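The lines below spell out each chain.
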Amino acid sequence: MKSILQTIFGHQPQERTSAPPLLREEPLAAVPAGAAAALQGDIAEIALENIFQFLDLAALTGRLDVRSPANSGSFYFRNGALTHGVLRVSQRRIGEILLESNLITTDQLQECLRLREQARPPRRFGQILLDQGYIPPAKLDGSLLQQMKEAFFETLSWHEGSFVFYPKLVPAPEEVQTRARIDSLLLEGMVHLDEAAD
């Protein structure tokens, strides 16, 4: 079955089959006991962008778990909009995004990393940045949205693996949530993958 991306661009995006250097492992939330899957399938048969579009059009709320041979991830939806997403293997931490955007300095990054390691109980890196006054909330939200987009765009290149959707599952209270429209993300993702293929 042709995906939206194949129909528009006429080529199959290349999936990353091996992790590039400087990656980090991000633990994914476990599926709660008793949670029942409402939708599941094979990415080779139903492309992920079609699943994303279906969740959008049906205005569903819940969690989509996706898995490829090289990676896996979880994406949360509220009434069809994407609110949170993370990959198990991800290239960029939020600190890297902020640093590359010149929103924080290397010294500020190192200080906040040190404070996070010393914090008992554990504290979120973004909250430490806010508490230190190094970044306003709006800039942090923008960087978290960028991080979620990068995870979303990465999955659009997957053409084998599986997906499972659990309705009504929501992120843990401590997870920062943003909001992004799927149609806008798919259009941006098409451009992103086309540029990566050149």
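Remember, it's a predicted structure, so these values are computed and weren't measured experimentally.

A. The arrangement of the side chain of Arg92 in detail. Within the element layout of this structure, Arg92 appears in the loop between β6 (89–90) and α3 (94–100). On the accessibility criterion, Arg92 (18% relative accessible area) is buried. Looking at Arg92, its side chain comes within polar contact range of the side chain of Glu150, at 2.3 Å.

B. Up close: the nonpolar core. Core analysis: the largest hydrophobic core is formed by 24 residues, its most contacted members being Phe52, Leu64, Phe75, Phe77, Leu82, Phe152 and Ile182. Listed by contribution, the elements that provide at least two residues to this core are α2 (48–57), β3 (62–67), β4 (72–78), β5 (81–87), α6 (137–155), β7 (162–167) and α7 (182–197). Among residues more than four places away in sequence, those in contact with Phe77 are Phe52, Leu55, Leu60, Thr61, Gly62, Leu64, Leu82, Thr83 and Ile182. Counting residues in each nonpolar core, the second largest holds 11 residues, with Leu109, Cys112, Ile128 and Leu144 among its members.

C. Local environment of the pairing of β5. Within β5, 7 of the 7 residues are buried, which leaves it mostly tucked inside the rest of the structure. Pairing between β4 and β5: 6 bridges, direction antiparallel. Each residue of the ladder has a partner; that of Ser74, found in β5, is Val86. Taking the residues between adjacent antiparallel strands as the criterion, β4 and β5 are bridged by 2 residues, where Asn79 takes a positive phi near 50°.

D. Representation of the sheet that holds strand β2 (residues 39–42) within the structure. Spatial strand order, β2-β7-β3-β4-β5: 5 strands in an open sheet with antiparallel pairing. Two strands in the sheet have a free side with no partner beyond their single neighbour: β2 and β5. Neighbour-to-neighbour, the strand axes of the sheet open up by a mean angle of 15°, direction not taken into account. Where β3 lies against β7, 6 bridges are found, and the strand directions are antiparallel. Paired with Arg67 across the strands is Ser162, a residue of β7.

E. Fine view of the layout of surface pockets. In this structure, the second largest pocket occupies an estimated 160 Å³ of space. Taken together, 14 residues line the second largest pocket, and the ones lying closest to its centre are Arg63, Asp65, Val66, Arg67 and Gly73. Within the residue set of the lining of the second largest pocket, elements represented by two or more residues are β3, β4 and β7.

F. Structural context of the pairing of β4. Within β4, 6 of the 7 residues are buried, which leaves the element mostly enclosed by the surrounding structure. By the bridge criterion, 6 bridges tie β3 to β4 in an arrangement that is antiparallel. Bridge pairing in β4 places Asp65 opposite Ser74. Here β3 folds back onto β4, and the loop between the two strands holds 4 residues.

G. Inspection of unusual backbone geometry at higher detail. For the peptide bond that leads from Arg120 to Pro121, omega is 0°, which places it in the cis range. Tracing the backbone through its elements, the reader meets Pro121 in the loop between α4 (106–118) and α5 (125–132). Positive phi outside glycine occurs at Ala59, with the angle close to 50°. Of the residues examined, Ala59 reaches a relative accessible area of 39% and is grouped as partly exposed. In this model, Lys168 sits at a positive phi of 70°, which is unusual for a non-glycine residue.

H. Geometry of the packing of α4 against α5. Taken N-terminus to C-terminus, the directions of α4 and α5 make an angle of 120°; their axes are 9 Å apart at the nearest point. Of the two possible hands of crossing, α4 and α5 adopt the one that is right-handed. Between α4 and α5, the contacting residues are Leu109, Glu111, Cys112, Leu113, Leu115 and Arg116 on the first element and Phe125, Ile128, Leu129 and Gln132 on the second. Classifying every residue of the contact of α4 with α5 by side-chain character gives 7 nonpolar, 1 polar and 2 charged.

The rules we used
- Residues numbered from 1 in each chain as written.
- Predicted model: local features only at pLDDT ≥ 70, side-chain atom pairs only at ≥ 80, totals over all residues.
- Heavy atoms only, no water.
- Helix = DSSP H or I, 4+ residues; strand = E, 2+ residues; numbered from the N terminus.
- Buried < 20%, exposed > 50% of the residue type's maximum accessible area, 1.4 Å probe, protein only.
- Polar contact = N/O pair within 3.5 Å; in protein donor to acceptor, adjacent residues only side chain to side chain.
- Core = buried A, V, L, I, M, F, W, Y, C linked by side-chain atoms within 4.5 Å.
- Contact = heavy atoms within 4.5 Å.
- Pairing = 2+ DSSP bridges.
- Axes fitted to C-alpha atoms, helices over the stretch in contact; angles between N-to-C directions.
- 1 Å grid on protein atoms, 1.4 Å probe; cavity = no way out; pocket = protein on both sides within 12 Å on 5 of 7 lines; lining within 4 Å.
- Points joined across faces, edges and corners; volume = space filled by probe spheres on them.
- Left-handed = near helix turned anticlockwise from the far one by under 90°.
- Nonpolar A, V, L, I, M, F, W, Y, C, P; charged D, E, K, R; others polar.

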